[in-house]
Amino acid sequence: MESNQRIGHGEAHAKLILLGEHAVVYGQPAIAIPVNLLKIRVTLTKINHGQFIEDNDELRRRLELMEDDFEGIRQLILRLLLKFDEEFMPFSLEIDSNIPRGRGLGASAALATSITKAFFDFFDAELDTKELLTFVNFSESIVHGRASGIDAATVNSDKPVWFVKNQEIETIDIEMPGLLVIGDSGIHGLTSQAIATVQQKLREDKLQAEADIERLGTYVKQARSILIENKVYGFGPILNASQEILENLGVSHPKLDNLITTAREAGALGAKLTGSGLGGVIVALAANATDAIRISQALSKNGAQNTWIFSL
Ligand SMILES: Nc1ncnc2c1ncn2[C@@H]1O[C@H](COP(=O)(O)OP(=O)(O)OP(=O)(O)O)[C@@H](O)[C@H]1O
Ligand SMILES: C[C@@](O)(CCO)CC(=O)[O-]
C-alpha cells in the first residue's frame, strides 16, 4: 500500500448581497460583500486502491448515487477529473463548513470554489481567477438555472463587488456604515425556484415587473454613492424600499417578513431579505454595536435559527 497520501486543499468564504439580487439576473447592477466569518474548507485525498473503494465501477456508482441536490457538485467533480485526465481516480472529499446551506449566503458557490481549488492544488496546477470562475459558474448554472455569476464573483473576492452581469467584475472601496446583522429563518430557499418566480411575474405582468427590476437597479446606484460617502442614515431606507419591491416580485416569505419587522422594531435602520429569498436569511443595518446586539437578540427571540453580527 502507498504510504504518502497526496492531498489538495481549497477554501472560500460566504457572500452577502447588499442590494440588487434578482434584478442582477436581468442586467441591473448589484452590490455584494464577502462574509469572512463564514467559511468552507475542502480536503481532497486520493484513496489507495483496495483501501475503501474496491474498483472504479464502485466509484462511478457512488458519484451517481449523490442526491439530485448535489447535481451541480457531481457535474463539477466529473469535469475536474476529466480536465486532469484522471477520470477513474478514487478519492475522498472532506467538507468543513459553517456556511448554512440554501440560505442565500452562497454556500453552493463557495463549495464549488473550494472543490475546484482543492483539485488544482492536488494536481499542483496553476489556477487563475478566470478559469476558477468558469468552473464555479458551470456548477452554479446547474443548481440555479439562470444564474448571474454574482455568487461566484463574491465568494472569490476579498473586497465588496459592484457586479453587472457579463461585464468585468469591479471591486469597490466602500465604507460600511454601522454594523450588519444577519438572521437565519432556518428555511431552505431554493434559488432556482426563486428565479423562476420572478420569471413568472415577468410573464404575468411584464410592465410592472420590468419597472420593479429597474427600480431595484436605481436603488443600487443610489446606494453606491451613499456607501462611498459612509452616510449611515441614507442607506437604511434603501434597504427597506428594496425589500418592498422584492415582496412585490414574490420572493419574500412570511417568516422573512416577520424577521424584517422584528429587526426594524428593535431599532434597525433598514432590513431586507438577501440572496434569492423564499426562505434563507435577512440582513439588518444597525447604527452601532448596542443596537446590533439588541436586534440580534430580538431576532433570536422571534424565531431566527441563528444570527451573526459583522462589519466590513
Ligand atoms: N457543507 C456542504 N456540504 C455539502 N454540500 C453543500 C454544502 N454547502 C453547500 N452545498 C451544496 O450547495 C447546495 C446549496 O446551494 P443553494 O444554491 O441551494 O444554496 P446557497 O448557495 O446557500 O444559496 P444562494 O445561492 O442563494 O446564495 C447544496 O444542495 C449542496 O449541493
Ligand atoms: C437571486 C440571485 O440574483 C442571487 C442569488 O444569490 C441569482 C443570481 O444572481 O444568480
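Structure's up top.
Only a predicted model underlies this, so the values are computations on that prediction, with no experimental measurement involved. (Residues numbered from 1 in each chain as written. Chains lettered and ligands numbered in written order. Predicted model: local features only at pLDDT ≥ 70, side-chain atom pairs only at ≥ 80, totals over all residues. Heavy atoms only, no water.)

## Regarding the overall build of the chain
Condition: Helix and strand assignments come from DSSP, with helices taken as H or I runs of at least 4 residues and strands as E runs of at least 2, each series counted from the N terminus. To get the radius of gyration, use the C-alpha atoms; to get the globule rule, take the number of residues to the power 0.38 and multiply by 2.2 Å. Relative accessibility decides the category of a residue: with a 1.4 Å probe and only protein chains considered, values under 20% of the type maximum give buried, values over 50% give exposed, and everything between is partly exposed. When checking whether two residues touch, look at their non-hydrogen atoms; a contact exists if any pair is within 4.5 Å. All accessibility values rest on the Shrake-Rupley procedure with a 1.4 Å probe; residue burial counts only the protein chains present in the view. Positive: Lys, Arg. Negative: Asp, Glu. His and the chain ends are not part of the count. Every charge is mapped to an atom, namely NZ of Lys, CZ of Arg, CG of Asp or CD of Glu.
Helix and strand content of the chain: 10 helices and 9 strands. In terms of overall size, the chain behaves like a compact globule, its C-alpha atoms giving a radius of gyration of 20 Å where 312 residues would be expected to give roughly 20 Å. With the C-alpha coordinates aligned to their principal axes, the bounding extent of the chain is approximately 65 × 45 × 35 Å. By residue count, 52% of the 312 residues in the chain fall in the buried class. The long-range share in the chain, meaning contacts at least 24 apart out of those at least 6 apart in sequence, stands at 75%. Carbon together with sulfur atoms contributes 46% to the accessible area of the chain, which is approximately 14,100 Å² in total. Side chains of the chain give 30 positive and 41 negative charges; the mean places of these two sets differ by 4 Å.

## Overview of the site of ligand 2
The cut-off we apply is this: Put simply, a residue is near a molecule or strand once any heavy atom of it comes within 4 Å of that molecule or strand. Polar contacts here mean pairs of N or O atoms no more than 3.5 Å apart (in protein, one a potential hydrogen donor and the other a potential acceptor; neighbouring residues in sequence count only if both atoms are side-chain atoms). Whether a set of points on the 1 Å grid over the protein atoms alone is a cavity depends on a 1.4 Å probe fitting there but being unable to get out, while an open set qualifies as a pocket with protein on both sides within 12 Å along at least five of seven lines; lining residues are those with an atom within 4 Å of a point. More than half of a molecule's atoms lying within 2 Å of a cavity's or pocket's grid points is what places that molecule inside it. Residue polarity follows a fixed list, in which Ala, Val, Leu, Ile, Met, Phe, Trp, Tyr, Cys and Pro are nonpolar, Asp, Glu, Lys and Arg are charged, and the others, Gly among them, are polar.
Around ligand 2 sit Lys15, Ile17, Glu21, His22, Val24, Val25, Ala147, Ser148, Ile150, Asp151, Ile195 and Ser276, and those are all the residues in its vicinity. Side-chain polar atom of Ser148 to an oxygen atom of ligand 2: 2.6 Å apart, as the coordinates give it. Of the pockets mapped on this structure, ligand 2 occupies the largest pocket. Elements supplying a minimum of two residues to the shell around ligand 2: β1 (7-19) and α5 (150-155). Taken together, the residues of the shell around ligand 2 sort by class into 6 nonpolar, 3 polar and 3 charged.

## Some details on the pairing of β1
For clarity, the threshold we go by: Strands are labelled as partners when DSSP assigns at least two bridges between them.
Summarising burial for β1: 10 of the 13 residues are buried, a large majority. Of the strand pairs in this sheet, β1 and strand β2 (residues 30-46) are connected by 12 bridges, and their pairing is antiparallel. Opposite Leu16, over in β2, you have Ile33 as the bridge partner.

## Observations concerning helix α4 (residues 129-144)
Convention followed: Here the expected length of a helix is defined as 1.5 Å per residue gap, with one fewer gap than residues. Of all possible arcs, the one meant is that of the directions from the helix axis to the C-beta atoms.
If you check α4, its first and last C-alpha atoms are 21 Å apart, about what 16 residues at 1.5 Å a residue would give, namely 22 Å. What α4 keeps buried is the set Leu132, Leu133, Phe135, Val136, Ser139, Glu140 and His144. Take α4 and look down its axis: the buried residues cluster within an arc of 160 degrees, on one side only. Tucked into the core, α4 has its buried residues touching α2 (71-83), α3 (107-122), α5 and α6 (191-204).

## Overview of the site of ligand 1
Selection rule: Where each domain begins and ends follows an automated or database-derived domain assignment.
In the vicinity of ligand 1, 21 residues are found, and the nearest of them are Lys15, Gly102, Gly106, Ser108 and His144. Structurally, ligand 1 is housed in the largest pocket. The leading source of residues in the shell around ligand 1 is α3, at 3 residues. Shared between two domains, the shell around ligand 1 takes at least three residues from each, and those domains are domain 1 (3-170) and domain 2 (174-311).

## A look at the nonpolar core
Note that soluble globular proteins tend to have their nonpolar side chains buried in a common cluster. Test applied: Buried Ala, Val, Leu, Ile, Met, Phe, Trp, Tyr and Cys residues form a nonpolar core when they are joined through side-chain atoms within 4.5 Å.
In terms of nonpolar packing, the biggest core is built from 89 residues, with Leu16, Leu18, Ile31, Ile115, Phe119, Phe235 and Ile295 touching the most fellow members. Of all the elements, α3 adds the most residues to this core, at 10 residues. Shared between two domains, this core holds at least three residues of each, these being domain 1 (3-170) and domain 2 (174-311). Excluding its chain neighbours within four sequence positions, the residues that come into contact with Leu16 are Ile31, Ala32, Ile33, Val35, Leu105, Ile182, Thr274, Val283 and Phe310. By size, the runner-up hydrophobic cluster in this structure holds 9 residues, among which are Val25, Ala30, Ala32 and Ile150.

## Some points on a negative patch on the surface
The condition is simple: Patches here are clusters of residues that have more than 30% relative accessible area and form no salt bridge, with a 9 Å joining cutoff for like charges and a 5 Å cutoff for nonpolar side chains (Val, Leu, Ile, Met, Phe, Trp, Tyr). By definition, a salt bridge exists where a carboxyl oxygen of Asp or Glu is found within 4 Å of a side-chain nitrogen of Lys or Arg.
Where like charges cluster on the molecular surface, the negative patch consists of Asp121, Asp124, Glu126 and Asp128. Along the chain, the position of Asp121 falls in helix α3.

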